[in-house]
Every structure is written in structure tokens, then in C-alpha cells.
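Chain by chain, the residues:
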Amino acid sequence: MKTSAAGDALAAQGPIDGQLRQSSDADPSLTGGPAPGAPSEGYSGAALTFDPSVPSPARMYAYYLGGKDNFPADREAAEEALSVVPFGREVALANRQFLVRAVTFMARSGIDQFIDLGAGLPAKPNVHEAAREILPDARVLYVDNDPMVCAHARALLATNDGVAAIQGDIRAPQAILNDPVTHALIDFSRPVGVLFVAVLHFLTDEDQPWEQVAAFRWRMASGSMLAISHITSDGTPLDVQTTIQDVYSEASAPAVFRARQEIEAFFGGLDLVEPGLVEVGAWRSLRSSPPAPLRFPGGLARITSSCGRS
């Protein structure tokens, strides 16, 4: 339970039901000294602006899942990607199901607060719905830098207590971590489930994604869990990689393929929960599916003691 001081801070921002605000730059005095996650070099801190003529990864992903909230530019780009990955919709669905299974696993382990980074457009079941199947009072913070995503989140969360959304960019994690809404909703002295599902491959190496993930690990208490999924160059044919990279080069964020070893590095040496880093469709799934040309591993790790700060 959050303290009354935290509740007062949230009340000053407005009700938590459907709370939406843009995360501002962190006050260095709040960070307690240097910590991982300073904004990456060249990052301006400006939020994305809405432009329907530029394909959005969030809207493209929603299109793969059968969503209707997209524009011609999104559909055209998505169809070009699907031309080299005919099972692309199945891959997207497998990734979404991975998220749901990861949240369910965390909730069954007793975690009752979650941060979904790069949340994307709503797709049932959403994180708070999956978590509340196990723990009805679970609290969830959604974070995305896409203004359309945040507008939909505001509508979705209008009647949900204990669920909030902020517009923020994972390239500036301290701004997210020190946001008043985050402080009012998430108690970092207790275990928290942090989700980087299908989002880190939209950050270039220059965005310092490993440092940005480390900023969240550094704040997570013992017993917390970290879930990550990410497209990989290992096993993905070169022509598939090239086409997807070309498609997303015209979008608001690029697609960056990384080797499995680089993806494992996001966990910072944490021990992965069985079965480890595997294809998202195979992670704790009762159904087997043949690997698609686009390889998409995911995994979940548990933080013990102070190991999350490595």
C-alpha cells in the first residue's frame, strides 16, 4: 500500500483512474546520485508527434494482431513486412501470448505491480486484465512515447482503479522512474514486474539500450522479475532482416536485429527462469509451433538480493 504522501502527490496530478501525463526530465536531486539510465547521447527528450503519413511500429503491431486503429501508411508498411514473413501475424500473436504468460507467471509468484514499457495499442487481454485474473488488486503502469497509444490508454483506463498510463520514452528511464504518477502507483521497495516486450529492438546501439534496461534493474527490489522479447539475427534469413529493416527505416523507429548473446546481455547476468531464452511461442507454452523465418526469442529473469544492480 502506498503512503499517504504518495497518494497526495498523485491527487495533485489528478485521479489515478485513467491517469495520463507526459513524463518530464528527472530532477537529478531525486536520483540519489549517479545511476544507470541517463538519456542517451543525442536524445532530445521530445515526445513523438502524431503523423498518420509515417508508419508507427505500435500501429503496425496492432495491425498484425488484427487491430483497426491504423492508417494507410501503417498498413502498407506492415504488408511489405508480411511479404517476407508470411507467418508474421502468427509471430505477433505468439509474442502477445508470451506477454500474457509472463504476466500470469509473475502474478502467480506473488507480484502485484507491473510496468509495461512500450505498451503499444490496447490488445486483449491487456496486462492489468491478465494480472487481475490472479491478483484482483494488481496495479499496472503503462508507458509509451506514441501519442496515439496514450490517447487510447486514456480511454481504456477511464474506469480502472490502480491502473495508469504516462507518455514517456525508455531512452530517458530516470524521467519515467521519477515521474510522480510512477511514484504514486509503484512501490519500488517491493517486487515489481517490468516488461520490455517487443520494444528494445526499436532502439539503436547509440540509444544505449543495455544502460536503459539497467536503470530499471537498478531500482527493482529482490523478488522482482524482468521479461524481455526481441527479434534476433540468429537464425533469421538475411533477406528477411533486410526487408524488415527497409520497411521500418521509413517508420518512426527502426528495426534492429541483435544476436542472442546481445539479447541475453539485457538481463545483466540474472538467472533466467526455465526454459530460458527461447522462441516466444515456446516459452512455457503447452502448444508447439514450428519456428517462423523471423526468430523472436523471449525470456524472464528473477532478481535476487542486489543482483539487479549489476
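To be clear, the structure that these remarks concern was listed above.
What you see is a predicted model, and the numbers here were worked out from it, not measured in a lab.

Engineer: It is not clear to me how the nonpolar core should be interpreted in this structure. Could you clarify?
Structural biologist: A general trend in soluble globular proteins is that nonpolar side chains are found buried together. The biggest cluster of nonpolar side chains holds 55 residues, and the ones touching the most others in it are Tyr64, Phe114, Tyr248 and Leu300. Among all residues touching tyrosine 248, those that are not within four sequence positions of it are Pro57, Met60, Tyr64, Phe202, Ala253, Pro254 and Ala255. Of all hydrophobic cores here, the second largest spans 31 residues; its members include Ile170, Leu177, Val194 and Phe267.

Engineer: Hey, could you run me through unusual backbone geometry in this one?
Structural biologist: For residues that are not glycine, phi is negative in most cases, and the peptide bond is trans in most cases. The step from glutamate 274 to proline 275 runs through a cis peptide bond, and the omega angle for that step is 10°. With respect to the helices and strands, proline 275 occurs in the loop between helix H11 (260-265) and strand S7 (278-279). In this model, alanine 198 sits at a positive phi of 55°, which is unusual for a non-glycine residue. What makes alanine 198 buried here is its relative accessible area of 14%. Phi at arginine 284 is positive, roughly 50°, even though this residue is not glycine. With respect to the helices and strands, the residue arginine 284 is situated in the loop between S7 and strand S8 (297-302). The exposure class assigned to arginine 284 is partly exposed, which follows from its relative accessible area of 42%.

Engineer: What exactly am I supposed to notice about the pairing of strand S2 (residues 113-117) here?
Structural biologist: Within a regular beta strand, the side chains point alternately toward one face of the sheet and then the other, so they alternate between its two faces. S2 sits mainly inside the fold: five of its five residues count as buried. Across the two faces of S2 the burial is the same, with Gln113, Ile115 and Leu117 and Phe114 and Asp116 all buried. Pairing of S2 with strand S3 (residues 139-144) involves five bridges; the strand directions are parallel. Pairing of isoleucine 115 across the sheet is with leucine 141, part of S3. In this structure, S2 lies alongside strand S5 (residues 193-197), joined through three bridges in parallel fashion. Looking at S5, one finds that phenylalanine 114 is bridged to glycine 193.

Conventions we followed
Residues numbered from 1 in each chain as written. Predicted model: local features only at pLDDT ≥ 70, side-chain atom pairs only at ≥ 80, totals over all residues. Heavy atoms only, no water. Core = buried A, V, L, I, M, F, W, Y, C linked by side-chain atoms within 4.5 Å. Buried < 20%, exposed > 50% of the residue type's maximum accessible area, 1.4 Å probe, protein only. Contact = heavy atoms within 4.5 Å. Helix = DSSP H or I, 4+ residues; strand = E, 2+ residues; numbered from the N terminus. Pairing = 2+ DSSP bridges.

So yeah, pure geometry; function would need other evidence.
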